[in-house]
Amino acid sequence: MDYPVIAESEGVKIKPELMEIEKLYYCVFQDKVLLFFKDQGELLNCYEIEEKEIVDAVKNSSSAEDIENLLQKFIDKENLNH
């Protein structure tokens, strides 16, 4: 399956039809980490993270699991789950 979020030089392309509900997808674009997910109502949600330390950590991560753990720690720290 293709990844539903792709960052290209001209912008970010999103294919919501490929997204699973409540699964987090991410990409790096213009020194920001963009987070996307489709909720239970199938609405697309987007958040951007500009904090340099997070962006750099995502860019330098070696695996998707590392990135997901990093993003989850950020979400928990910022209390974005509520």
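So, a few notes on the structure that sits alongside this text. Please read these numbers as outputs of a predicted model, since none were measured by experiment.

What counts, and where the lines are drawn
Residues numbered from 1 in each chain as written. Predicted model: local features only at pLDDT ≥ 70, side-chain atom pairs only at ≥ 80, totals over all residues. Heavy atoms only, no water. Helix = DSSP H or I, 4+ residues; strand = E, 2+ residues; numbered from the N terminus. Polar contact = N/O pair within 3.5 Å; in protein donor to acceptor, adjacent residues only side chain to side chain. Pairing = 2+ DSSP bridges. Expected span 1.5 Å × (residues − 1). Buried < 20%, exposed > 50% of the residue type's maximum accessible area, 1.4 Å probe, protein only. Arc of directions from axis to C-beta. Contact = heavy atoms within 4.5 Å. Salt bridge = Lys/Arg side-chain N within 4 Å of Asp/Glu carboxyl O.

Within the secondary structure layout, Asp 76 lies in helix α2 (residues 64-77). In sequence terms Asp 76 and Phe 36 are 40 residues apart; their C-alpha atoms lie 17 Å from each other. For Asp 76, the side chain forms a polar contact with the side chain of Gln 72, separated by 2.9 Å.

Looking now at the pairing of strand β1 (residues 5-8). Within a regular strand, side chains alternate between the sheet's two faces. With four bridges joining them, β1 and strand β2 (residues 11-14) adopt antiparallel strand pairing. Bridging across to β2, Ile 6 finds its partner in Lys 13. A loop of two residues connects β1 with β2, the two strands running antiparallel in sequence.

Turning next to α2. Every α-helical turn comprises 3.6 residues, leaving residues that sit three or four positions apart pointing alike. The end-to-end C-alpha distance of α2 is 20 Å, a good match for the 20 Å that 14 residues give at a rise of 1.5 Å each. Listed as buried for α2 are Ile 67, Leu 71, Phe 74 and Ile 75. With its buried residues spanning 100° around the axis, α2 presents them on a single face. Opposite the buried face of α2, at more than 90 degrees from it, the exposed residues are Glu 65, Lys 73 and Lys 77. Looking at the buried side of α2, the elements it contacts are β3 (25-29), β4 (32-38), β5 (44-49) and α1 (52-60). A positive backbone phi angle near 60° is found at Asn 79, which sits one or two residues after α2.

Now for the environment of Asp 66. Along the chain, the position of Asp 66 falls in helix α2. Considering only alpha carbons, one finds Asp 66 and Glu 10, 56 residues apart in sequence, at a separation of 27 Å.

Within the structure shown, the criterion is met by six salt bridges. Lys 32 is the salt-bridge partner of Glu 50, the closest N and O atoms lying 3.4 Å from each other. Placement of the pair is Glu 50 in the loop between β5 and α1 and Lys 32 in strand β4, with a sequence separation of 18 residues. You can call Lys 32 partly exposed: its relative accessible area is 25%.

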